[in-house]
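Here is what each chain is made of, one letter per residue.
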Number of protein chains: 2
Amino acid sequence: MGEFDLIKEYFEQQQTCDDFVQLSIGDDCALVSVPENYQLAITTDTMVENTHFLPSITPEDLAYKAVATNLSDLAAIGAQPKWLSLALTLPNVDESWLERFSQSLLQTLKDYNVTLIGGDTTKGALSVTITAQGLVEKGKALCRHQAKVGDLIYVSGTLGDSTAGLQQILSGKSAVGFDEEFLQQRHFRPTPRITLGRALADIAHAAIDLSDGLNSDLRHILKRSQCAAEIDLSNLPLSSSLLNLYDRTQVEQFALSGGEDYELCFTIPPKNQPLLEFRLKNLDVPCTCIGRIVPEFETKKCGQFSIRFLRDGQPIDYSSKIGFDHFKE
Amino acid sequence: MGEFDLIKEYFEQQQTCDDFVQLSIGDDCALVSVPENYQLAITTDTMVENTHFLPSITPEDLAYKAVATNLSDLAAIGAQPKWLSLALTLPNVDESWLERFSQSLLQTLKDYNVTLIGGDTTKGALSVTITAQGLVEKGKALCRHQAKVGDLIYVSGTLGDSTAGLQQILSGKSAVGFDEEFLQQRHFRPTPRITLGRALADIAHAAIDLSDGLNSDLRHILKRSQCAAEIDLSNLPLSSSLLNLYDRTQVEQFALSGGEDYELCFTIPPKNQPLLEFRLKNLDVPCTCIGRIVPEFETKKCGQFSIRFLRDGQPIDYSSKIGFDHFKE
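This structure is a prediction, so every number in the text was calculated from the model and none was measured. (Residues numbered from 1 in each chain as written. Chains lettered and ligands numbered in written order. Predicted model: local features only at pLDDT ≥ 70, side-chain atom pairs only at ≥ 80, totals over all residues. Heavy atoms only, no water.)

Undergrad: Would you mind showing me how to read the overall build of chain A here?
TA: Summing up its helical and strand segments, chain A has 10 helices and 13 strands in all. Its C-alpha radius of gyration of 20 Å places chain A within 12% of the 20 Å reference for a compact globule of 329 residues. If you line up chain A on its principal axes, its C-alpha atoms span 65 × 50 × 40 Å. Buried residues in chain A amount to 61% of all 329 residues. Taking as baseline every contact in chain A between residues at least 6 positions apart, the subset at least 24 positions apart corresponds to 84%. Per element, the accessible surface of chain A, about 13100 Å² overall, is 49% carbon and sulfur. (Helix = DSSP H or I, 4+ residues; strand = E, 2+ residues; numbered from the N terminus. Rg over C-alpha atoms; globule rule 2.2 N^0.38 Å. Buried < 20%, exposed > 50% of the residue type's maximum accessible area, 1.4 Å probe, protein only. Contact = heavy atoms within 4.5 Å. Areas by Shrake-Rupley, 256 points an atom, 1.4 Å probe, with all protein chains shown as cover.)

Quick look at the structure:
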């Protein structure tokens, strides 16, 4: 089976009904239209075997997660996901694997109403690079540089679950109980917070999705916005599954430095808090206020935008590892 | 040096002055605006070590070619290249290599007035995936399905040079003479035919860039447009360097089945031929009429959209290999 047949057979099955797509898979380029008053948001993420996923991952989980992590970036900027290009590098043509991978990919795209508009299939070590595109109303994007002193800091969902799930997978623990199963699913099937991102687009200031861990990702907002943060560890949202299986110290470590939760961390001016609470009632995603944006600390370390950690309102000394970084670990 | 520093140091050096880019490298997404009356053209291509390039390639040539092959896809649809995302997978952080790669990439983008808007840097076997975006006036894109019976078939530049250059490189022949140097440069530094694509956008019907070889790529147009072609081998544009170094049979084989020339093949109604010739006078790229679009042959092989080869106007029997296909060869 040749490269072209391969693309055709597995990925041309989707039925697109997106009026903005004039040309999709099968030409030199895709052609899309961007409606007036919208900006185009674009993000690219690569997942490489043995770096981002284990060889034991199922093709279904790999396809889901590759899509979900890209949609999460669009959610973090407040955009509605629209189109996606897939660059798939495979060591060989395994038809059964491709069938499972493509079905999961197309189902996930269908679930999120996203159209596959093109891509490339090449031979090499297994990796998946996705470029996703979405639309956001002009002037409403949630950028990292827009946090303001006085903003409240929120996170969605619960933190630390994915890393705990990964630790279980790495230790060879098969998911037997509810809690183990929950944590492993949080690792394999993170939920991109798209509806939340859309609901925040005109009331929040800054947002980021938590791919490398709160302690690391929040600093990107702080650095870009030239400010600092106070985070109260007592308020970290933690799942009962995580609390059931690990002690408090380990749980906080996971919540602060564990990656791949793909929850949103966002900052919002206090005046918009009532509107946020109102909108959250209509969404199926809990959000928790964990701190606030404060002016830059005077004793800032070189290049390190600071977070002051509190517990029950009292400052504590907390030095945790910076979030996951492929070339460091 | 960590992943984030790496991205920052090497790729944030560009000075963007593109009014359509509101947010670039360093956020969850890039944000761009698409002007009214334009469509967005999007293409993705991956280059993998040992599949698309040899380990001996210089970082400068790799960066150039990864950009050029993507811009060539935009040229083939008649779009003006605008923005580019880079997904770079590296086995390790080699600062000297990165410096050379990034300088070449940014210089190439500057030459073509394209802005790097984001990407991802990951650890793994060396590969480069680029997603490039361009703008084309609504209704003017050169799609593969738009060829019409009676159209003249043109190709730009000369054919077969890149494959001949690759053959020399593979045989370990260092480029000593002018002809050898010319062919190897045609392999390492193909020219995306952007100004030609733009000049064709309102007068040609269909176009494709020749990445897999004329014999293979032209069939994509024929299949999508449900028609056949007559090609006169006497009219194939061939470089004097190719003719100096190879015999006629070998030269035709390179020209028909050799990949990676990245010239444009396009079809144009005869009534637009004078306008084409007029516009070509202002462009630095020769174009040659090599045949015409004809109705589908009655004895068409299953799924094989046919090309009838002529020499000096007389039909000949010519069976050549289909163009390059990674999983077949």
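Next comes the rest of the account.
Undergrad: Would you take a moment to explain the interface of chain B and chain A for this structure?
TA: Facing the 71 residues of chain B at the interface are 71 residues of chain A. Between chain B and chain A, a total of about 5300 Å² is buried, with carbon and sulfur atoms accounting for 56% of that surface. Remark: the boundary between chain B and chain A carries 0 salt bridges. At the surface where chain B touches chain A, the tally comes to 11 residue pairs in polar contact (both at pLDDT 80 or more). Ranked by residues supplied to the side of chain B that touches chain A, first place goes to strand 3 (residues 38–48) of chain B with 9 residues. Residue composition of the side of chain B that touches chain A, grouped by class: 30 nonpolar, 23 polar and 18 charged. In this sheet, strand 2 (residues 30–32) of chain B lies alongside strand 3 (residues 38–48) of chain A in antiparallel orientation, the contact comprising 3 bridges. Across the sheet, residue Ile42(A) finds its bridge partner in strand 2 of chain B, namely Ala30(B). (Buried area = accessible area lost by both parts, 1.4 Å probe. Salt bridge = Lys/Arg side-chain N within 4 Å of Asp/Glu carboxyl O. Polar contact = N/O pair within 3.5 Å; in protein donor to acceptor, adjacent residues only side chain to side chain. Nonpolar A, V, L, I, M, F, W, Y, C, P; charged D, E, K, R; others polar. Pairing = 2+ DSSP bridges.)

Undergrad: What should I look at first to understand the state of the cysteines in this one?
TA: The term disulfide refers to a covalent linkage connecting the sulfur atoms of a pair of cysteines. Scanning all chains against the criterion turns up 0 disulfides over all chains. Cys143(B) forms no disulfide, and the closest cysteine sulfur to it belongs to Cys29(A), at a distance of 9.3 Å. Its relative accessible area of 5% is what places Cys143(B) among the buried residues. (Disulfide = S-S within 2.5 Å.)

Undergrad: Which parts of the structure should I look at to understand the sheet that holds strand 7 (residues 152–156) of chain B?
TA: Strands in a sheet are paired, the pairing made by backbone hydrogen bonds, and the direction either parallel or antiparallel. All names here are of chain B. Strand order in this open sheet of 7 strands is 8-10-7-11-9-12-13, and the pairing throughout is mixed. In this open sheet, the two strands that pair with only one neighbour each are strand 8 (206–209) and strand 13 (314–315). Its contacts with the sheet put helix 7 (residues 214–225) on strand 7, strand 8, strand 9 (228–232), strand 10 (264–268), strand 11 (287–294) and strand 12 (307–311), and the angle it makes with strand 8 is roughly 145°. (Axes fitted to C-alpha atoms, helices over the stretch in contact; angles between N-to-C directions.)

Undergrad: Would you take a moment to explain the pattern of salt bridges for this structure?
TA: Two side chains carrying opposite charge are able to pair once their charged atoms lie near each other. Taken as a whole and judged by the stated rule, the model has 24 salt bridges over all chains. For Arg193(A), the salt bridge identified is with Glu263(A), shortest N-O distance 2.8 Å. With Arg193(A) in the loop between helix 5 (178–188) and helix 6 (194–200) and Glu263(A) in the loop between helix 9 (248–257) and strand 10 (264–268), this pair connects stretches of sequence that are 70 residues apart. Among the residues examined, Arg193(A) registers a relative accessible area of 13% and is labelled buried. Since its relative accessible area comes to 0%, Glu263(A) is described here as buried. Across the salt bridge formed by Arg292(B) and Glu230(B), the nearest N and O atoms sit 3.5 Å from each other. In this pair, Arg292(B) sits in strand 11 while Glu230(B) sits in strand 9, placing the two residues 62 residues apart along the sequence. A residue is classified by how much of its surface remains accessible, and Arg292(B), at 42% relative accessible area, is partly exposed.

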